[in-house]
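Notes for the structure review
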Amino acid sequence: MSADYLDGNALAGPFAEIFAADVTVAVGRCASCGLTGPVAGLRVYAQAPGLVARCPGCEEVVLRLVRGPDAAWLDLRGTISLRIPLPGAGA
Amino acid sequence: MGIISRGFQGRRRGDDERLPPGQYLTEDFPVLSAGPTPRVPLDRWEFTIDTEGGQVHRWNWQELRALPSETPTVDIHCVTTWSKLDTRWQGVSLDVLFEDVETAAEYALVHSYGGYTTNLPLEDLLDGKAWIAYRYDGEELEPRHGGPARLLVPHLYFWKSAKWVRGIRLLNEDWPGFWETAGYHDYGDPWREQRYEGD
Ligand SMILES: [Zn+2]
């Protein structure tokens, strides 16, 4: 049976609408088990009313994204932090 | 005005009136899932109702299956805009499960194996409006459709009909569930098109 989830690169398009930076290359820490890894490595369940990204280690929800007609809802409570690589801020 | 012929549309007469706004008709049964499918061995399965006063009512699989069941045929409406008419289920009415439950609570938080939750007013579970369903279309309910047992509350969008249901917590205050905390409507009436928060 094929996997019923996609990899985290499936988040690239939906996040590009919200953030200027590419969030799939950000490194996050799972609030449930502490596993650290890039957002692209999450398991994304997309056959749902929203996108549900789960930790590859413990399967807990790391982030959720719902796109409504005139707003998006982003839930990051399953993430301790995201380290988002950015170009140097001058100096 | 005379009788207007609707012509042949490949659909049964009257289907349009049964379709809430913004929905389309589907013949198959799409599988929606926010996570891996939990596998619950029947000898360890249980269903509980926890009251606001701390009482716990508990049924194992044999006890649930021994209760009188009903065979509702209902239309279901998913918030992702598909609707399916005349789906045939078998299960236990929540009225049966609530027979000996003493409560003054107004709200229910339904929880599932796998961690899913959804909230609704308790009155929407009673008076013949909701079931714990364990058979679909003449077969045992498949895990991908929520088996061994799921909540069936067809008058609300189908995300309220929690798959892999494990229990109901009765609460004095409304406690939003999985999708209700991520932008979806707290109540979810398809006929009022209550999809998102604020609809
Ligand atoms: Zn984890």
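Rules behind the numbers
Note on numbering: residues in each chain are counted from 1, in written sequence order. For this description, chains carry letters from A and ligands carry numbers from 1, given in the order in which they are written. Residues qualify for local features only when their pLDDT is at least 70, as the model is predicted, and side-chain atom pairs are given and counted only at 80 or more; totals for whole chains, interfaces and linings, by contrast, use all residues. The basis for every side-chain value is the complete set of non-hydrogen atoms in the structure, without hydrogens or water. By definition here, a salt bridge exists when the distance from a side-chain nitrogen of Lys or Arg to a carboxyl oxygen of Asp or Glu is within 4 Å. Summary of the burial criterion: residues with accessible area below 20% of their type's maximum are buried, those above 50% are exposed, and those between are partly exposed, where the area comes from a 1.4 Å probe applied to protein chains only. Helix and strand labels come from DSSP, where a helix needs a run of H or I of at least four residues and a strand needs a run of E of at least two; each type is numbered from the N terminus. Two residues qualify as a contact provided that any one of their heavy atoms is within 4.5 Å of a heavy atom in the partner residue. Buried area: the sum, over both parts, of the accessible surface (1.4 Å probe) that disappears when the two are put together. Under this definition, polar contacts are N or O atom pairs within 3.5 Å; protein pairs additionally need one hydrogen-donor-capable and one acceptor-capable atom, and for neighbouring residues in sequence, both atoms have to be side-chain atoms. Gly is put with the polar residues, along with every residue not named as nonpolar or charged; the nonpolar set is Ala, Val, Leu, Ile, Met, Phe, Trp, Tyr, Cys and Pro, and the charged set is Asp, Glu, Lys and Arg. Aromatic rings from Phe, Tyr and Trp, taking only the six-membered ring of Trp, are treated as a pair when their centres fall within 6.5 Å; an angle between ring planes under 30 degrees marks them as stacked, one over 60 as edge-to-face, and anything in between as tilted. In this analysis the charged atom, NZ for Lys or CZ for Arg, is taken to sit over a ring once it is within 6 Å of the ring centre and within 35 degrees of the ring normal.

As annotated in an unreviewed UniProt entry, chain B carries the name Oxidoreductase molybdopterin binding domain-containing protein and is attributed to Nonomuraea pusilla.

**Structural notes on the pattern of salt bridges**
Under the criterion given, the structure shown has 14 salt bridges over all chains. R77 of chain A serves as the salt-bridge partner of D75 of chain A, at 3.1 Å between the closest nitrogen and oxygen. Take R77 of chain A: its relative accessible area is 58%, and that puts it in the exposed class. Between E140 of chain B and R65 of chain B there is a salt bridge, and its shortest N-O distance comes to 3.0 Å. One end of the pair, E140 of chain B, is in strand β9 (residues 139-140); the other, R65 of chain B, is in helix α1 (residues 61-66), and 75 residues separate them in sequence. One salt-bridge network, in which partners are shared between bridges, spans R64, D75 and R77 of chain A.

**Observations concerning the interface of chain B and chain A**
With 17 residues of chain B at the contact, the number on the chain A side is 17 residues. Counting each side, the surface lost to burial between chain B and chain A is near 1,500 Å², with a carbon and sulfur contribution of 62%. For the chain B face of the interface with chain A, the top three residues by lost area are P36, W179 and Y196 of chain B, together amounting to 32%. Linking chain B with chain A are eight residue pairs in polar contact (both at pLDDT 80 or more), by the criterion used here. Taken together, the residues that form the side of chain B that touches chain A break down as ten nonpolar, six polar and one charged.

**Structural notes on the packing of aromatic side chains**
In total, this model carries 19 aromatic pairs over all chains according to the counting rule given. Where Y5 of chain A meets Y45 of chain A, the ring centres are 5.5 Å apart and the plane angle is 50 degrees; that geometry is what we call tilted. Placement of the pair is Y5 of chain A in the segment before β1 (6-7) and Y45 of chain A in strand β4 (residues 43-45), with a sequence separation of 40 residues. Owing to a relative accessible area of 2%, Y45 of chain A belongs among the buried residues under this scheme. Note on F29 of chain B and F158 of chain B: the rings are 6.4 Å apart at their centroids and 45 degrees apart in plane angle, and the pair reads as tilted. Within this pair, whereas F29 of chain B is found in the loop between β1 (24-25) and β2 (46-50), its partner F158 of chain B is found in the loop between β10 (150-152) and β11 (165-171), the two being separated by 129 residues in sequence. Residue F29 of chain B is classed as buried on the basis of its relative accessible area, which comes to 13%. Members of the aromatic cluster, each reached through a chain of ring pairs, are W73 of chain A together with Y116, Y157, W159, F178, W179, Y184 and Y196 of chain B. The positively charged end of R54 of chain A is found above the aromatic ring belonging to Y45 of chain A, 5.9 Å away from the centroid. The ring of Y134 of chain B has R65 of chain B sitting right over it, with the charged end atom 3.9 Å from the ring centre.

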